[in-house]
Every structure is written in structure tokens, then in C-alpha cells.
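Here is how the chains run, residue by residue.
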Amino acid sequence: ATDDEDLELIFSRFDQGAKAEIIRDPETGVSLQYAFVEFTNKEQCTEAYFKMNNALVDDRRIKVDFSQSVAKVWDKYAQR
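Residues numbered from 1 in each chain as written. Predicted model: local features only at pLDDT ≥ 70, side-chain atom pairs only at ≥ 80, totals over all residues. Heavy atoms only, no water.

Trainee: In this structure, what is going on with the overall build of the protein chain? I would like to understand it.
Mentor: Along the protein chain, the regular secondary structure elements total three helices and four strands. The order of α-helices and β-strands along the protein chain, N terminus first, is α-β-β-α-β-β-α. Across the 80 residues of the protein chain, 20% fall into the buried class. Contacts in the protein chain between residues far apart in sequence, at least 24 positions, make up 33% of those at least 6 positions apart. Within the structure as shown, the protein chain displays about 6,600 Å² of accessible surface, and the carbon and sulfur contribution to it stands at 49%. (Helix = DSSP H or I, 4+ residues; strand = E, 2+ residues; numbered from the N terminus. Buried < 20%, exposed > 50% of the residue type's maximum accessible area, 1.4 Å probe, protein only. Contact = heavy atoms within 4.5 Å. Areas by Shrake-Rupley, 256 points an atom, 1.4 Å probe, with all protein chains shown as cover.)

Trainee: Help me understand the pairing of strand 2 (residues 31-38) in this model?
Mentor: Along any regular strand the residues' side chains alternate between the sheet's two faces. Taken together, the five bridges between strand 1 (residues 19-24) and strand 2 define a ladder with antiparallel strand orientation. Paired with Ile22 across the bridge in strand 2 is Ala35. Linking two consecutive strands that pair antiparallel, namely strand 1 and strand 2, is a turn of six residues; a positive phi of about 80° is found at Gly29 within it. (Pairing = 2+ DSSP bridges.)

Trainee: Would you mind showing me how to read the packing of aromatic side chains here?
Mentor: Two numbers describe a pair of aromatic rings. These are the distance of the centres and the angle of the planes. According to the stated counting rule, one finds five aromatic pairs in the structure shown. Aromatic pair Phe11 and Phe39: ring centres 6.0 Å apart, planes at 75°, arrangement edge-to-face. Taken together, the residues span a long stretch of sequence, with Phe11 in helix 1 (residues 4-11) and Phe39 in the loop between strand 2 and helix 2 (42-52) at a distance of 28 residues. With respect to burial, Phe11 and Phe39 carry one shared label: buried. (Phe/Tyr/Trp six-rings, centres within 6.5 Å; stacked < 30°, edge-to-face > 60°.)

Trainee: How do you make sense of the nonpolar core when you look at a structure like this?
Mentor: Here is a general trend for soluble globular proteins: nonpolar side chains tend to be buried in one another's company. With 13 residues, the main nonpolar core has Phe11, Phe14, Phe39, Met52 and Ile62 as its most contacted residues. Of all elements in the fold, only helix 1, strand 1 and helix 2 reach the threshold of two or more residues within this core. When sequence neighbours within four positions are dropped, the list of residues in contact with Phe39 reads Phe11, Phe14, Asp15, Ala18, Gln44, Cys45 and Ala48. (Core = buried A, V, L, I, M, F, W, Y, C linked by side-chain atoms within 4.5 Å.)

Trainee: For this particular structure, what's the right way to read helix 2?
Mentor: Think of an α-helix as 3.6 residues a turn; residues three or four steps apart then line up on the same face. N-capping of helix 2 is provided by Asn41, with a side-chain oxygen placed 3.1 Å from the backbone N of Glu43. Once helix 2 finishes, Asn54 follows within two positions and takes phi at roughly 70°, a positive value. (Polar contact = N/O pair within 3.5 Å; in protein donor to acceptor, adjacent residues only side chain to side chain.)

Trainee: Help me out: how do you make sense of a nonpolar patch on the surface in this one?
Mentor: A cluster of nonpolar side chains, namely Leu32, Tyr34 and Phe36, defines an oily patch on the protein surface of about 290 Å² accessible area. By relative accessible area, which is 41% here, Tyr34 ends up partly exposed. (Patch = residues over 30% accessible without salt bridge, like charges linked within 9 Å, V, L, I, M, F, W, Y side chains within 5 Å. Salt bridge = Lys/Arg side-chain N within 4 Å of Asp/Glu carboxyl O.)

Trainee: For this particular structure, what's the right way to read the side chain of Asp15?
Mentor: As for its position among the elements, Asp15 is in the loop between helix 1 and strand 1. This buried residue, Asp15, is left without a salt bridge; Lys19 holds the nearest opposite charge, at 8.9 Å. (Lys, Arg positive; Asp, Glu negative; His and termini not counted.)

Trainee: When you look at the environment of Gln16 in this model, what are you seeing that I'm missing?
Mentor: Structurally, Gln16 can be placed in the loop between helix 1 and strand 1. Between the C-alpha atoms of Gln16 and Thr40, which are 24 residues apart in sequence, the distance is 8.7 Å. There is a polar contact of 3.2 Å between the side chain of Gln16 and the backbone oxygen of Ser12.

Printed below as a string of C-alpha cells:
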């Protein structure tokens, strides 16, 4: 099974500062079969997208796509 550290290692070839988080069911802790990888800049993100989309990771094809996260700024607005 792939864990957060595995994804960080895989994507660190594009960005040494890449951070990965596999999304899990809050009650069971079982993977929901998707993850988010955060990059430090757009160029490294774009390279990872083109080189890793449909790549094999632990005998499974992965889908790589872009997402704009608001998680880091959400607290600013939620506290109002």
C-alpha cells in the first residue's frame, strides 16, 4: 500500500519540498483512493503533471490533475 511518505519520495524528483497527503475516511482511516501533492512552484507542478499522469505506482495507474487548494487560507475566513 502506498503511504504519504511514498508519494513524497516519488514526487520529490520534481520538487524536493513536495508534500503529500493521502485522503482517508475520518472514521476508519481507510484510504479514499486519492491524495493531494503540494509543490513549491508552478513549474515543478507542471512537470510532475506531464510526467506522472497515468504512471504506475505500486501496480496501479495514477491520475494526476490540478487542484487549487483553499485549505491553508480557509481558517482566516472561517474565524470571522
